[in-house]
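Chain and residue survey
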Amino acid sequence: MKRVDILLVILIGIVSFLLLTIGIDKPFNGHHDFNNRFFSQVGRNYIKYGLLNLKLGQLIWDHKPEDTGEVYYTHHPPLLPIILSVGLKTLGDTNASVRVVPIVFSVLTLGIFYLLIRNFLGVIESLLGVGAWVISPMFLYFGKMADHEALTLFFITLTCWLFVLWKKSGDISIFHLLVIGLFLGQWTGWPAYYLAGILFIISRRWEFVALSLFNFALFVGNVVWITGSPVGGGLWEILLFRVGLQPLSFAEEIYTPIQFMTQELRWSYHFFTPGVVITTVLYLIYSLLKWFKNRKFDLWSQIWLVYFLVALIHIFFFQTGAWHHDYWLYYFLPFYGFGIAGMASLLVKGFRSQRTVVYIFFTLLLLFSFSSSQPGPSQGVRRLTERDGAS
């Protein structure tokens, strides 16, 4: 790693940290802040009762009643509240202590993402890709929310970076680190499982399948240990709800596929800014035409598609969940980062004599997008009950 890259990673970390820590100690209010309250309470219970005493179970009450599966949250793996408990134990029980955990992971993700793109492109193109991520309302608003998105995307990006390093070097020790990153990701959020399946298709390494089966068996075993049932804590009901097969009493809103697509596109336009979205779509069209012509996917294209498919699978498989939660689009951040970096690189190659003009254009595009964006929830966000906030 070059010295300039180390310095730029540090600079990216400082800038993004300063942006995300604006309002870090504000009160927990509203629909999205319910996640901060909910998962921090689980973290407090880990501190109060102990991980082993709770059997890693995510206790959702502020006191421990009689042991029953109904008081445990089983809809996600438990690594997020476990890490939150470390933050609360170390920094004290404050709103800032809760938010600093996703902020740290968001900042680290950006640094790794820069290094990932630098494996393919120059310094400025890589910085533009990171810039598209940093200026988006999606990152500025949800990059500090204590939910699974920020942490899971960190492990996904770490895994993708290590995958690229492994493919380029063939170093088995890097592959082992990759497996560890994926293991932790699957104990944080479900998209890490999609990542494993896609990496298996690309590499034909059965370790990805074996790891996923092993982790899922551990998760189900933990649910049985906690609740006495493999689908305890409402796991089966929430699965049916999220895939759209069964409504819940508190969220019976019906929508059509057209309405779903319209809403997701509108949210994307709002949260990722128009300039970034349009530029990325244009680069995607160019890339698709190139892929169809050459019938070949280089490593850059593979990683970009990995990010795109992980995000796409998440919102379409758990479609009802994505209909209610705008922040599930968070996993598209690297897709747009790749799009901006890729388009900048493409134009630089096409207009070599005007390289400086291209860089200035993209810098102004990101600055304009940042100045015109408003970090915060979209106007179309569903007004849900607090119970739905952590579903």
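Residues numbered from 1 in each chain as written. Predicted model: local features only at pLDDT ≥ 70, side-chain atom pairs only at ≥ 80, totals over all residues. Heavy atoms only, no water.

Describing the overall build of the protein
As a reminder, the rule being used: Helix numbering and strand numbering both begin at the N terminus, where a helix is a DSSP run of H or I of at least 4 residues and a strand a DSSP run of E of at least 2. Think of it in three bands: with a 1.4 Å probe and only protein chains considered, a residue is buried below 20% of the maximum accessible area for its type, exposed above 50%, and partly exposed in between. Between two residues, a contact is recorded if the distance between any of their heavy atoms is within 4.5 Å. Using a 1.4 Å probe, the Shrake-Rupley method yields the accessible areas, and only the shown protein chains count as cover for residues.
The number of helices and strands found in the protein is 18 helices and two strands. In the protein, which comprises 391 residues, the share counted as buried stands at 57%. In the protein, once contacts between residues fewer than 6 apart in sequence are set aside, the share between residues at least 24 apart is 76%. With an accessible surface of roughly 17,500 Å², the protein has 68% of that area assigned to carbon and sulfur atoms.

A word on helix α11 (residues 235-242)
Because an α-helix completes one turn every 3.6 residues, residues spaced three or four positions apart along the sequence face the same direction. Those residues of α11 that sit buried are L235, I238, L240, F241 and R242. The secondary structure elements touched by the buried residues of α11 are β2 (72-73), α10 (207-227), α14 (299-317) and α15 (319-324). G244 sits one or two positions beyond α11 and adopts a positive phi of about 85°.

Comments concerning the packing of helix α7 (residues 148-169) against helix α8 (residues 172-186)
To keep things clear, this is the line we draw: The convention used is that axes are lines fitted to C-alpha atoms, helices contributing only their stretch in contact, and that angles between N-to-C directions extend from 0 to 180 degrees. Oblique is the label for any angle not covered by the other classes, which are roughly parallel (under 35 degrees), roughly antiparallel (over 145) and roughly perpendicular (65 to 115). Crossing chirality is assigned from the near helix's rotation relative to the far helix, an anticlockwise turn below a right angle marking it left-handed and a clockwise turn marking it right-handed.
Close contact between α7 and α8 brings their axes to 9 Å; oriented N to C, the two are set at 165°. Here α8 runs roughly antiparallel to α7, going by the angle between their axes. Classified by chirality, the crossing of α8 by α7 is left-handed. Facing α7, whose interface residues are F155, L158, T159, L162, F163, L165, W166 and S169, α8 presents I174, F175, L177, L178, G181, L182, L184 and G185.

Section: the packing of aromatic side chains
Filter applied, for reference: Pairing of aromatic rings covers Phe, Tyr and Trp, the last through its six-membered ring, and needs centres within 6.5 Å; plane angles under 30 degrees mean stacked, over 60 mean edge-to-face, and all others mean tilted. Both a distance and an angle decide whether a charge sits over a ring: NZ of Lys or CZ of Arg must be within 6 Å of the ring centre and within 35 degrees of the ring normal.
Summed over all chains, the structure comprises 37 aromatic pairs. Each ring, one from F34 and one from F38, has its centre 5.7 Å from the other, and the planes form 40°; the classification is tilted. Residue F34 and its partner F38 are both found in helix α2 (residues 30-49); the two are separated by four residues, about one turn of the helix. Comparing F34 with F38 shows no difference in burial state: the two are buried. Pairing W291 with W304 gives two aromatic rings, centres 6.2 Å apart and planes at 65°, and the pair type is edge-to-face. On the criterion of sequence distance, the pair formed by W291 in helix α13 (residues 274-294) and W304 in helix α14 is long-range, its members being 13 residues apart. We classify W291 as buried; its relative accessible area is 6%. Relative accessible area serves as the criterion here: at 1%, W304 is assigned to the buried category. Positioned above the aromatic ring of F200, the side-chain terminus of R204 is 6.0 Å from the ring centre.

What about α8?
Applicable threshold: Take the number of residues in a helix, subtract one, and multiply by 1.5 Å to get its expected span. This arc is built from the directions going out from the helix axis to the C-beta atoms.
Look at α8: 21 Å from first C-alpha to last across 15 residues, which is about the 21 Å you get at 1.5 Å a residue. Residues of α8 that are buried: I174, F175, L178, G181, L182, G185 and Q186. In a view along the axis of α8, the buried residues occupy a sector of 130°, so they form one face of it. Along its buried surface, α8 packs onto α7, α9 (191-203) and α10.

Quick word on a nonpolar patch on the surface
For clarity, the cut-off: Two distance rules govern patches: like charges are joined within 9 Å, and nonpolar side chains (Val, Leu, Ile, Met, Phe, Trp, Tyr) within 5 Å, applied only to residues with over 30% relative accessible area and no salt bridge. For salt bridges, the criterion is a side-chain nitrogen of Lys or Arg within 4 Å of an Asp or Glu carboxyl oxygen.
A cluster of nonpolar side chains, namely M1, I6, L7, I10, I14, F17 and L18, defines an oily patch on the protein surface of about 710 Å² accessible area. Tracing the backbone shows I10 in helix α1 (residues 3-20).

Notes on the pattern of salt bridges
For the structure shown, the criterion picks out five salt bridges. A salt bridge links K26 to D33; its shortest N-O distance comes to 3.2 Å. The exposure class of K26 is partly exposed, given its relative accessible area of 37%. Accessibility expressed as a relative area gives 7% for D33, which makes it buried.

A few points about unusual backbone geometry
Of note in this structure, R204 is not a glycine but carries a positive phi near 60°. Here R204 is to be found in the loop between α9 and α10. Positive phi, normally seen in glycine, also occurs at R295, with a value near 50°.

Describing the environment of Y73
Basically, it comes down to this: Between N or O atoms, a polar contact is any pair within 3.5 Å; within protein, one atom must be a potential hydrogen donor and the other a potential acceptor, and residues adjacent in sequence are included only when both atoms are from side chains.
Secondary-structure assignment places Y73 in strand β2. Between the C-alpha atoms of Y73 and Q58, which are 15 residues apart in sequence, the distance is 5.2 Å. Within polar-contact distance, the side chain of Y73 engages the side chain of H76 at 2.7 Å.

Quick look at the nonpolar core
Worth spelling out the cut-off: To qualify as a nonpolar core, a set must consist of buried Ala, Val, Leu, Ile, Met, Phe, Trp, Tyr and Cys residues joined through side-chain atoms within 4.5 Å.
By size, the foremost hydrophobic cluster in this structure holds 126 residues, and its most contacted members are L116, F208, F272, I303, Y307, F332 and F338. If we ignore the near neighbours within four places in the chain, the residues touching F272 are S136, M138, V277, L329, F332, L333 and Y336.

Brief notes about the confidence of the model for the protein
So the rule is basically this: pLDDT: the predictor's confidence for each residue, scored from 0 to 100.
Averaged over all residues, the pLDDT of the protein is 87; the fraction at 70 or higher stands at 90%. A low-confidence stretch, residues 377-391 stays under pLDDT 50, and its non-local contacts, those more than four residues away or across chains, total 47 contacts.

Thoughts on the environment of H324
Structurally, H324 can be placed in helix α15. Remark: the alpha-carbon pair of H324 and R242, spanning 82 residues in sequence, is separated by 9.5 Å. Engagement of the side chain of H324 in a polar contact is seen with the backbone oxygen of T320, the distance being 2.9 Å.

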